[in-house]
Every structure is written in structure tokens, then in C-alpha cells.
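# Structural overview
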Amino acid sequence: MSAAGRATAASRTVVAAAVLVLAACLTPASASADGPTRPRRAGAGAGEGPGEQAVRLRHAGVDRHAVVHVPAAAARAGGSLPALFHFPGMFETPEIADASAGLAAFADRAGYLLVIPEHEGIGWQGVPGGQDAPPVDDPGFVRALTDLVVARYGADPSRLYASGMSNGGLFTQGLACRYPDRFAAFATVAGSAPGVGCPSRPPAPVPMLVIHGREDKVINYGQAEAGARGWADAAGCAQTTLDTPLPDRDRADGTTVVRHEFTGCPPGTPVILDEIVGGGHLRPGGEPLLPGQVLGRGNGDLDANEAIWAFVSRFRLRP
């Protein structure tokens, strides 16, 4: 077997283990399928030209790492760029997250900075699936990283966005509770549950997109729906939804998509739940790392990159 084949096989084994760990963390089911992240390191002060940059940041006594992808459009943008922070799930490295979801390629086409932070241990702390010892202050690391991305890469501080997969999606929920003054909009994929990752205070109203498989066996759909309803309640929306079936572009995948838009939301804080009918614990439009019997069916009708960017890019923080 080639080196690449061995790496892929190892990644699949690790992800399979993560599914079992995460499924045990929430009741009746809930968590993630991805983990520790060691990007190619280029110390602080790496160049700002187009391409992938590895960043090191010391926070809370720990060297933390992230990958920043600068789009080719940066050279001709003539101003600051928006930035999307993507938080990988358990046992998912930035490289695996990018390869399985096509994150950097889409960022190049859309023209935004892509930031993929690295978690310590097996996942993001403070949410199911994360290893809480030793404590590393993940929220504080993210806040410091946003400062670095604005200062070094010229990101527009009013157009920072957060998204995450599985354990990273649950962590993104926590950031929405903690930092509505830092990120302008949020999106989760296979990672939503009521109150998870949030301090005791009620969450602030924020724009929130939740994408979740109806047949997800790791974080069940009922929890994801309850999580979305919690954000709708915080935003002042009604609990009724406008339900729209999306085009079934891939009739062979055995899944469809229904978009549930909560009604009565203020213009600046919509909440949307994209239900992947028949879908499992996977990112729509991505490449599954494991066979369908482990994570369920994938979906080819919705491109999560497109859906997330179309949603979050509508918003910016007010000065």
C-alpha cells in the first residue's frame, strides 16, 4: 500500500473511533467524527501571499496552531477580505477537513480568507467529544487568533464568520454564545444541540444556519432541531417555519433536502435549519471518509460550502 493509502486508511480508523466516542457523549446521541490537528508549521511571521500559511500562536502557555488559506483574489482585492473560520471535528486535522470538504478551493473561488484552527487533544474542549485536560482555553485562543488574522492578513473585523463540523459545530455554537461581538454569523454542520457549549447566560440573537442529517446516529436530528429552535427563540423568531424542498440534484444518493426558515425573525438575525432527509453524520457535498454503514448516507443535492457562504456573507458587524 502506498504512503497516501496508509494515511487515508489510518484517518478512517481514527474517525471511526471518534464516532464511537462522540456517540457516547450525548444522550440519546450526540457529537462528532473528527480530531487532533498538526498542520505544516511555519512560525509566526509567515508570508501573506496567496496560498496556505501555517500559523503559530502561544496562548495560555500552549503553542497553538492554525492554517490560513489566502485566496488568489487577495492580491487584487484592494481592501480587507472577509474571513471564514472553520472548526474541524474530533480527530480531524485541517488537512483532512480541507481534503474532505474542498474548503480551500471554494474559498479561492469565493474570494475569502479561510482559517482552520487546530484543537489540542481529540476535539474542542467544553463540548461533547472534547478532551478537557489539560485545560487550554479554546475560546480565548480563538479570540486571540481573530486578532492575529485581522492584524497580519488584513481580514475585515466586521466580516468574520464561524462554522464547524460535528464537535467543531458544537464548539461553534459555544462561540455564538460567547462572541456575538466578534463573529457576524454562524453555521454548524452535524453539530447542533440545545445549550451545548454555551455559558449559563441566555444566548444573544445571531444569524444561525444549522445543517443536519435526519438519520444522523451520532447527534440525532431531534437534538439538532431543538438547538435550532433555541437560536430562533433567542433571536425573537416565531417557532413556526417556512418549509421549502430544495432541488433533488442527485437522485441516486437516496437523500433530499428541506429548508426550514423560522418565521418572524428580525432581518439581521435569521435562523435556518437545512434538514438532510435520509442523510447521516456527514457534510453535504463533501467526500465521506468512511463507508455509509458507519456514518450514514451522504448528500449530493446541497454543497455545504455554497450554503454556508451564501448565508453568512450577507452579514457584517456594526461598528
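Residues numbered from 1 in each chain as written. Predicted model: local features only at pLDDT ≥ 70, side-chain atom pairs only at ≥ 80, totals over all residues. Heavy atoms only, no water.

## A look at the nonpolar core
As a reminder of what qualifies: Definition used in this section: a nonpolar core is a set of buried Ala, Val, Leu, Ile, Met, Phe, Trp, Tyr and Cys residues joined via side-chain atoms within 4.5 Å. With a 1.4 Å probe rolled over the protein chains alone, any residue whose accessible area is under 20% of its type maximum counts as buried; one over 50% counts as exposed, and the rest are partly exposed. What counts as a helix is a DSSP run of H or I of at least four residues, what counts as a strand is a run of E of at least two, and both are numbered from the N terminus.
Counting 47 residues, the largest nonpolar core has F85, V149 and F183 as the members making the most contacts within it. By residue number, the principal contributor to this core is helix α5 (residues 138–153), which donates six residues. Counting 30 residues, the second largest nonpolar core, distinct from the first, contains Y112, I116, M165 and V312.

## Some remarks on unusual backbone geometry
Unusually for a residue other than glycine, A60 sits at a positive phi of about 55 degrees. Residue position: A60 is located in the loop between β1 (51–59) and β2 (62–70). The phi angle at F91 is positive, at roughly 55 degrees, despite the residue not being glycine. Relative to the elements of secondary structure, F91 occurs in the loop between β3 (81–87) and α3 (94–101).

## Observations concerning the environment of V258
The test is simple: By definition, residues are in contact when any of their heavy atoms lie within 4.5 Å.
Assignment of secondary structure puts V258 in strand β9 (residues 256–262). In this structure V258 comes out as buried when scored by relative accessible area, which is 18%. Discounting chain neighbours no more than four positions away, the residues touching V258 are D243, T244, P245, L273, D274, E275 and V277.

## With respect to the sheet that holds strand β8 (residues 241–245)
The condition is simple: Pairing between two strands requires that DSSP report at least two bridges joining them. A fitted line through C-alpha atoms represents every axis, and for helices the fit uses only the stretch in contact; the resulting angles, taken between N-to-C directions, go from 0 to 180 degrees.
Strands sit in the order β1-β2-β4-β3-β5-β6-β7-β10-β9-β8 across an open sheet of 10 strands; the sheet is mixed. Lying at the two open borders of the sheet, with one neighbouring strand each, are β1 and β8. The mean inter-strand angle of the sheet, taken between neighbouring strand axes irrespective of direction, is 20 degrees. For strand β7 (residues 208–213) and strand β10 (residues 271–277), the ladder comprises six bridges, and the chain directions are parallel. Pairing of L209 across the sheet is with I272, part of β10. Sheet contacts for helix α6 (residues 167–178): β3, β5 (155–165), β6 (185–189) and β7; angle to β5, the most-contacted strand, approximately 140 degrees.

## Remarks on the pattern of salt bridges
As a working rule, side chains carrying opposite charge can pair if their charged atoms are close by. Here is the rule we go by: We define a salt bridge as a side-chain nitrogen of Lys or Arg found within 4 Å of a carboxyl oxygen belonging to Asp or Glu.
For the coordinates displayed, the defined rule picks out 12 salt bridges. Note that E215 is salt-bridged to K217, the shortest N-O span being 3.6 Å. You can call E215 partly exposed: its relative accessible area is 38%. Its salt-bridge partner being D248, residue R251 comes within 4.0 Å of it at the nearest N-O pair. Taking relative accessible area as the criterion, R251 reaches 71% and is therefore assigned exposed. Exposure remark for D248: the relative accessible area of 25% places this residue in the partly exposed category. One network of salt bridges, with partners in common, ties together R64, E120 and D138.

## Focus on the pairing of β3
Burial within β3 is extensive, with seven of its seven residues counted as buried. As judged from the six bridges shared by β3 and β5, these two strands associate in the parallel manner. Residue L81 lies in a different strand from β5, and its bridge partner there is A155.

## Quick look at helix α7 (residues 221–235)
Cut-off, in case you're wondering: Helix span is expected to be 1.5 Å times the residue number reduced by one.
Look at α7: 21 Å from first C-alpha to last across 15 residues, which is about the 21 Å you get at 1.5 Å a residue. Restricting attention to buried positions, one finds in α7 the residues Y221, Q223, A224, G227, A228, W231, A232 and A235. Buried positions along α7 lie against α6, β7, β9 and β10.

From the geometry alone we can't say anything about function, so treat these as descriptive.
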